[in-house]
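What follows is each chain in one-letter form.
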Amino acid sequence: MAEALAIARYARYTPRKVGQVLPLIRRKNAERALTVLEFLPKRAALLVRKVLQSALSNLGGKLGRKIDPKEAWIKSIDIGAGPVLKRIHTGSMGRAMPYKHKTCHLTVVVTDQP
């Protein structure tokens, strides 16, 4: 039983928005998860899809052969909060209007057995 890991760090997506995508693919076959992510109308699905494909590629490297997504399963997929970039917009009458760019860390673990 081989496992492979892929991590996307400092992604410019809020953890909450990425977290809305994760329950749809957690503990599923990798092929089915890629299909769901392809047709999901959320921008965060693109990030999750890329990291999942990277994890599949890493699994293929561990096994020494190209792996078919039908043979792989998502063991775990987690999202964590990254650092917050604090910025300022100019407001009316010379005031400063603060806003925050949130980031996240996404970790995907895939395995070759369900």
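Further up the page is the structure itself.
What you see is a predicted model, and the numbers here were worked out from it, not measured in a lab.

*Asks:* Which residues make up the overall build of the protein, and what values go with them?
*Replies:* A tally of regular secondary structure across the protein gives three helices and five strands. Helices and strands in the protein line up, N terminus first, as β-α-α-α-β-β-β-β. Against the 2.2 N^0.38 benchmark of 13 Å for 114 residues, the protein shows a C-alpha radius of gyration of 17 Å, more extended than a compact globule. By its C-alpha atoms, the protein is 60 × 25 × 20 Å across when sized along the principal axes.

*Asks:* Outline the sheet that holds strand β5 (residues 104–111), supporting the account with residue identities and numerical values.
*Replies:* Here we have three strands laid out as an open sheet, ordered β1-β5-β2, and antiparallel in their pairing. On the outer flanks of this sheet lie β1 (3–11) and β2 (73–81), each paired with one strand and no other. On average, adjacent strands in this sheet sit at an angle of 10° to one another, irrespective of strand direction.

*Asks:* Give me the lowdown on the pattern of salt bridges, citing residues and values where you can.
*Replies:* Within the structure shown, the criterion is met by two salt bridges. Among the ionic pairs, E71 bridges to R65, the shortest N-O distance being 3.1 Å. You can call E71 partly exposed: its relative accessible area is 34%.

*Asks:* Tell me what's going on with the pairing of strand β3 (residues 85–90), and back it up with residues and numbers.
*Replies:* β3 sits mainly on the outside: zero of its six residues count as buried. Taking the residues between adjacent antiparallel strands as the criterion, β3 and strand β4 (residues 96–101) are bridged by five residues, where M93 takes a positive phi near 60°.

*Asks:* Explain the packing of helix α2 (residues 30–39) against helix α3 (residues 44–63) to me, using residue names and the numbers behind them.
*Replies:* Running from N to C, α2 and α3 point in directions that differ by 155°, and their axes come no closer than 9 Å. By the criterion of interaxial angle, the relationship of α2 to α3 is roughly antiparallel. In the crossing of α2 with α3, the sense of the turn from one axis to the other is left-handed. Note on element contacts: α3 touches α2 through A45, V48, R49, L52, Q53 and L56, opposite A30, A33, L34, L37 and E38. Here the contact of α2 with α3 is composed, by residue class, of eight nonpolar, one polar and two charged.

*Asks:* So what about the side chain of H105? Which residues, and what values?
*Replies:* With respect to the helices and strands, H105 occurs in strand β5. Within polar-contact distance, the side chain of H105 engages the backbone nitrogen of Y10 at 3.1 Å.

*Asks:* Account for the nonpolar core, with residues named and values stated.
*Replies:* Core analysis: the biggest nonpolar cluster contains 31 residues, and V18, V48, L106 and V110 have the highest contact counts within it. Put simply, the parts of the chain that give this core at least two residues each are β1, α2, α3, β2 and β5. Looking at this core element by element, the count peaks at nine residues for α3.

*Asks:* Please set out the environment of A6 residue by residue, giving values where relevant.
*Replies:* You can see A6 is positioned in strand β1. Taking the C-alpha atoms as reference, A6 lies 9.2 Å from S57; in sequence the two are 51 residues apart. Here A6 is in contact with V51, S54, A55, N58, L106, T107 and V108, once residues within four sequence places are set aside.

Rules and cut-offs
Residues numbered from 1 in each chain as written. Predicted model: local features only at pLDDT ≥ 70, side-chain atom pairs only at ≥ 80, totals over all residues. Heavy atoms only, no water. Helix = DSSP H or I, 4+ residues; strand = E, 2+ residues; numbered from the N terminus. Rg over C-alpha atoms; globule rule 2.2 N^0.38 Å. Pairing = 2+ DSSP bridges. Axes fitted to C-alpha atoms, helices over the stretch in contact; angles between N-to-C directions. Salt bridge = Lys/Arg side-chain N within 4 Å of Asp/Glu carboxyl O. Buried < 20%, exposed > 50% of the residue type's maximum accessible area, 1.4 Å probe, protein only. Parallel < 35°, antiparallel > 145°, perpendicular 65-115°, else oblique. Left-handed = near helix turned anticlockwise from the far one by under 90°. Contact = heavy atoms within 4.5 Å. Nonpolar A, V, L, I, M, F, W, Y, C, P; charged D, E, K, R; others polar. Polar contact = N/O pair within 3.5 Å; in protein donor to acceptor, adjacent residues only side chain to side chain. Core = buried A, V, L, I, M, F, W, Y, C linked by side-chain atoms within 4.5 Å.

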